[in-house]
Amino acid sequence: KINKMEKTMKLVQMTPLKEREYPDKKTGELRKAHWVELTLTDGIDSMVAELTVMPDYEQGQPVYRQPALEVERIYRVQCEIVGTSGNKDGRDWYMNRVNVRKIARL
């Protein structure tokens, strides 16, 4: 189940741009995903969320850039939160994945 959340939060930390390869589910072709991890807080709640970075195109080629976000600034953040759980080797586990869908400086 996907839950949505919108909050006003301070950007505490942002990682450098990250990249990983994954096989396309339909074609098996290798694709690349680009993102940064954002650490955000509202003074009570804190979270680490992924922000997908979309390319700019220069001469038809995709170029990925670090987002122009400023640490210690306040942002309005819209997120999707997906919770999953399971059992592996007799141990219960759970994971919450937070993806930023929109972020705007206030």
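Chains are numbered independently. Their residues run from 1 in the order of the written sequence. Local features in this predicted model are restricted to residues of pLDDT 70 or higher, and side-chain atom pairs are both shown and tallied only at a pLDDT of 80 or more, whereas totals for entire chains, interfaces and linings draw on every residue. Values reported for side chains reflect all heavy atoms of the structure, with hydrogen atoms and water molecules removed beforehand.

Student: What am I meant to see in the pairing of strand β1 (residues 2-14) here?
Tutor: Think of it this way: DSSP has to see at least two bridges between two strands before they count as a pair. Numbering of helices and strands runs from the N terminus, with a helix taken as a DSSP run of H or I at least four residues long and a strand as a DSSP run of E at least two residues long. Bridge count for β1 against strand β7 (residues 74-88) is nine bridges, and the pairing is antiparallel. Pairing of E6 across the sheet is with Q78, part of β7. Relative to strand β3 (residues 30-41), β1 runs antiparallel, the two sharing four bridges. Its bridge partner being in β3, M14 is matched across the sheet by L38.

Student: I'm lost on the pattern of salt bridges in this one. Help?
Tutor: Criterion for a salt bridge: a side-chain nitrogen of Lys or Arg within 4 Å of a carboxyl oxygen of Asp or Glu. If you walk through the whole model with that rule in mind, you get 14 salt bridges. Salt-bridge contacts for R31 lead to E29; the nearest nitrogen and oxygen are separated by 3.9 Å. Think of it in three bands: with a 1.4 Å probe and only protein chains considered, a residue is buried below 20% of the maximum accessible area for its type, exposed above 50%, and partly exposed in between. By relative accessible area, which is 34% here, R31 ends up partly exposed. The network of salt bridges with common partners includes K7, D42 and D45.

Student: Explain the environment of L11 here, please?
Tutor: Examined against the element boundaries, L11 turns out to sit in strand β1. With relative accessibility at 0%, the residue L11 sits in the buried group. Throughout, a contact is declared for two residues whenever any of their heavy atoms are within 4.5 Å. Every residue in contact with L11, bar those within four places of it in the chain, is listed here: L38, T39, L40, L69, E70, V71, E72, R73 and Y75.

Student: Help me understand unusual backbone geometry, please; the structure alone is not making it clear to me.
Tutor: With the exception of glycine, the majority of residues adopt a negative phi angle, and the majority of peptide bonds are in the trans configuration. Despite not being glycine, Q59 has its phi angle at roughly 50°, a positive value. Considering the arrangement of structural elements, one finds Q59 in the loop between β5 (56-58) and β6 (61-63). The class of Q59 is exposed, set by a relative accessible area of 81%. Not every positive phi belongs to a glycine, and E72 is a case in point at roughly 75°. Structurally, the position occupied by E72 is in the loop between β6 and β7.

Student: Is there a simple way to think about the layout of surface pockets in this case?
Tutor: With a probe scaled to a water molecule rolled over the atoms, the places where space remains empty come into view. Cavity: a set of points on a 1 Å grid over the protein atoms alone where a 1.4 Å probe fits but cannot get out. Pocket: an open set with protein on both sides within 12 Å along at least five of seven lines, its lining residues, like those of a cavity, having an atom within 4 Å of a point. Grid points are joined across faces, edges and corners, and a volume is the space filled by probe spheres set on the points. If you add up the space inside the largest pocket, you get close to 150 Å³. Lining the largest pocket, in full, are R20, A33, H34, W35, E50, T52, V53, M54, P55, Y64, R97 and N99. The set of elements that each furnish at least two residues to the lining of the largest pocket consists of β3, β4 (46-52) and β8 (91-105). By residue number, the principal contributor to the lining of the largest pocket is β3, which donates three residues. Residues are grouped as follows: Ala, Val, Leu, Ile, Met, Phe, Trp, Tyr, Cys and Pro are nonpolar; Asp, Glu, Lys and Arg are charged; all remaining types, including Gly, are polar. Looking at the lining of the largest pocket residue by residue, the class counts come to six nonpolar, three polar and three charged.

That is the geometry; function is a separate question.
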